Amino acid sequence: MEQRRRSWAEPYKIKMVEPIKMTTREHREKAIADAGFNSFLLRSDDVYIDLLTDSGTSAMSDNQWAGMMLGDEAYAGSKSYYHLEEAVQEVYGYPELIPTHQGRGAEHILSQLLIKPGDYVPGNMYFTTTRFHQEHAGGIFVDVIIDEAHMPSVEHPFKGNVDLAKLQRLIDDVGADQIPYISVETNVNMAGGQPLSMANLRATYGLCKKYDIPVMLDATRAVENAYFIQQREGGYEDRSIKEIVAEICSYSDGATVSSKKDNLVNIGGFLAVRDLELATRARAMLVQFEGLHTYGGMSGRDMEALARGIHEMVDTDDHARARVGQVEYLGNALLKAGVPLVQPIGGHGIFLDAAAILPHIPQDQFPAQALTAALYVDSGVRGMERGNVSAGRNPETGDHRYPKLELVRMAIPRRVYTQAHMDVTAESVVEVYENRARVGGLKFTYEPQELRFFQARFEKI
Ligand code: P70
């Protein structure tokens, strides 16, 4: 165990900086209107503190940048591929690696290989791209997360847990033959960055084994989940993040990973599995849709930086502690001011409870979308809607899905911003919160059919 410090001070110092600039309120009002009140359509030049996502926005280390220069760009058999394979085997414990351009590339392959039309795919809450690929393959997503996950202000240490009774009911109702796998997400993004416990994962794996249902992790944020297990679950306080990540993966048959998060790189991802036969079929698809099996969708330098990032994320526990510590710092500042947000504070960002903040805006006027825009106008801080717009329409009825969670996510990039940036962000959220009565609803002027949140446009009602 490393020496424990009182606070979570960053376990690194800054060697290179990127200037950011503050704009005027007038400039931002025009910018957000031009962007159709959708933060995905803003230019980053118009953004001051960018909390749109923690995806692909990490700062790489000097060691990773050095790896970029050493990347082996061979079309076949790249040295960097083997470094990545060793890193995945050592840290995640899966023998077979299928590298992809990012997480959704892995989701695409896994869904196409395992899901037959009419199959049911249970998951501990949906993720947008994951569910898209499940449905695209003809599957029907079934939410089996515990009820508490849908209740923003209810404190539960493991809101990401699978509700085993819901899972059992699904098995009883449709039969195990109709369930190609269960998709278990670590540190559930849409629930607010909430972990599942080791005990729950172990029990889920046990139940699934009984019925021969594979457990496929979305291990995109396994490190953050491991940190919460270390902090909150009895018996894990003296285990390292590295040991906990390995144990998490031991209760699964494979995983998809978007390397743009935990893995500390700007692009990349992979599918990793235990079964050679499944891996062989995945590689056959990989060469059709991504690239040769020893690079998938990545360049050699991407794979080299990724291999190093995978080691770095677990080499010391200080990394996870500082990463989550910074998120908690921002969250606690907001809680102190009485701003409603998802509790406990999650691993990768703060999730404002837009339904509670803007009760005067009905859900079909997109309160979280409106709050995201208002925040941007106030300070140039960019967040992301995670509510009715993100949830999309039910393919059967064509109506909005009206999710229980109507949230604005402020995701914190890893190793990028300082505590002072968190202070400025908190001041702005509090300011908007105090003036919340002035925020009004929105309506669509353009609504894409699939994954509509990315490119939708709105106007003020
Ligand atoms: C985010 C990003 C990506 C992601 C994820 C989980 C748990 C898979 C993926 C896909 C980017 C994003 C994606 C869709 C909507 C909004 C934002 N999450 N699983 O910001 O991975 O992006 O590499 O294809 O969080 O949360 P990738």
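See the structure above.
Below is a summary of the structure that appears in this document.

1. Points about unusual backbone geometry
Then, in step 1: The peptide bond linking Gln-343 to Pro-344 adopts the cis configuration, its omega dihedral lying at -5°.
Then, in step 2: Note on placement: Pro-344 falls in the loop between helix 12 (317–336) and strand 9 (349–353).
Then, in step 3: The backbone phi angle of Asp-212 is positive, close to 65°, even though this residue is not glycine.
Then, in step 4: The residue Asp-212 is located in the loop between helix 7 (198–210) and strand 6 (215–218) in this model.
Then, in step 5: With relative accessibility at 69%, the residue Asp-212 sits in the exposed group.
Then, in step 6: Residue Tyr-402 is not a glycine yet carries a positive backbone phi of 45°.
Then, in step 7: Assignment of secondary structure puts Tyr-402 in the loop between helix 15 (388–391) and strand 12 (407–411).
Then, in step 8: Exposure remark for Tyr-402: the relative accessible area of 34% places this residue in the partly exposed category.

2. A short note on the pattern of salt bridges
Then, in step 1: Scanning the entire structure with this criterion turns up 26 salt bridges.
Then, in step 2: Residues Arg-221 and Asp-54 are paired through a salt bridge, measuring 2.8 Å at the closest nitrogen-oxygen approach. Here Asp-54 lies in the loop between strand 1 (49–50) and helix 2 (62–70) and Arg-221 lies in the loop between strand 6 and helix 8 (222–232), a separation of 167 residues in the sequence. Asp-54 shares its class with Arg-221; the two are buried.

3. Brief notes about the environment of Glu-328
Then, in step 1: As for its position among the elements, Glu-328 is in helix 12.
Then, in step 2: Taking the C-alpha atoms as reference points, Glu-328 and Pro-344, 16 residues apart in sequence, are found 9.3 Å from one another.
Then, in step 3: Once residues within four sequence positions are removed from consideration, Glu-328 is found in contact with Phe-228 and Ile-345.

4. Considering the state of the cysteines
Then, in step 1: Applying the stated criterion to the full structure yields 0 disulfides.
Then, in step 2: Of all cysteine sulfurs, the one in Cys-249 lies closest to Cys-208, which takes part in no disulfide; the gap is 16 Å.

5. Notes on the side chain of Thr-129
Then, in step 1: Within the secondary structure layout, Thr-129 lies in helix 5 (residues 128–136).
Then, in step 2: For Thr-129, a relative accessible area of 6% corresponds to the buried category.
Then, in step 3: Within the local environment of Thr-129, its side chain forms a polar contact with the side chain of Glu-107, the two groups lying 2.9 Å apart.
Then, in step 4: For Thr-129, the residues in contact, after removing those within four places along its chain, are Arg-104, Glu-107 and Leu-451.

6. Regarding the sheet that holds strand 12
Then, in step 1: Pairing in this open sheet of 3 strands is antiparallel, and the strands run 9-12-11 from one edge to the other. Edge strands, defined here as strands with exactly one partner in the open sheet, are strand 9 and strand 11 (384–386). The mean inter-strand angle of the sheet, taken between neighbouring strand axes irrespective of direction, is 30°.
Then, in step 2: In the sheet, strand 11 pairs with strand 12 via 3 bridges, with the strands oriented antiparallel. Each bridged residue has a counterpart across the sheet, and for Met-384 the counterpart in strand 12 is Arg-409.

7. Topic: the environment of Tyr-94
Then, in step 1: Residue position: Tyr-94 is located in the loop between helix 3 (79–91) and strand 2 (96–100).
Then, in step 2: Of the residues examined, Tyr-94 reaches a relative accessible area of 1% and is grouped as buried.
Then, in step 3: When the C-alpha positions of Tyr-94 and Glu-73 are compared, they lie 24 Å apart, and in sequence the two are 21 residues distant.

8. A word on the nonpolar core
Across soluble globular proteins, nonpolar side chains show a tendency to be buried alongside one another.
Then, in step 1: One finds Leu-84, Tyr-92, Leu-217 and Ile-310 to be the most contacted residues of the largest nonpolar core, which totals 61 residues.
Then, in step 2: By residue number, the principal contributor to this core is helix 11 (residues 300–315), which donates 7 residues.
Then, in step 3: Setting aside residues up to four positions removed in sequence, Ile-310 forms contacts with Leu-84, Ala-87, Val-88, Val-91, Tyr-92, Asn-263 and Phe-270.
Then, in step 4: With 48 residues, the next largest nonpolar core counts Ile-49, Ile-345, Val-377 and Val-439 among its residues.

9. A look at the packing of aromatic side chains
Then, in step 1: Scanning all chains against the criterion turns up 12 aromatic pairs.
Then, in step 2: When the ring of Phe-40 is compared with that of Phe-454, the centres are 5.1 Å apart and the planes differ by 80°; the resulting orientation is edge-to-face. Separated by 414 residues along the polypeptide, Phe-40 in the loop between helix 1 (25–34) and strand 1 and Phe-454 in the loop between strand 13 (442–446) and strand 14 (457–460) bring together distant segments of the chain.
Then, in step 3: One cation-aromatic arrangement involves Arg-131 over Tyr-126; the distance from NZ or CZ to the ring centre is 4.0 Å.
Then, in step 4: In this structure, Arg-436 is placed above the aromatic ring of Tyr-433, and the distance from its NZ or CZ to the ring centre is 4.1 Å.

Thresholds, definitions, all that
Residues numbered from 1 in each chain as written. Predicted model: local features only at pLDDT ≥ 70, side-chain atom pairs only at ≥ 80, totals over all residues. Heavy atoms only, no water. Helix = DSSP H or I, 4+ residues; strand = E, 2+ residues; numbered from the N terminus. Buried < 20%, exposed > 50% of the residue type's maximum accessible area, 1.4 Å probe, protein only. Salt bridge = Lys/Arg side-chain N within 4 Å of Asp/Glu carboxyl O. Contact = heavy atoms within 4.5 Å. Disulfide = S-S within 2.5 Å. Polar contact = N/O pair within 3.5 Å; in protein donor to acceptor, adjacent residues only side chain to side chain. Pairing = 2+ DSSP bridges. Axes fitted to C-alpha atoms, helices over the stretch in contact; angles between N-to-C directions. Core = buried A, V, L, I, M, F, W, Y, C linked by side-chain atoms within 4.5 Å. Phe/Tyr/Trp six-rings, centres within 6.5 Å; stacked < 30°, edge-to-face > 60°. Lys NZ or Arg CZ within 6 Å of the ring centre and 35° of its normal.

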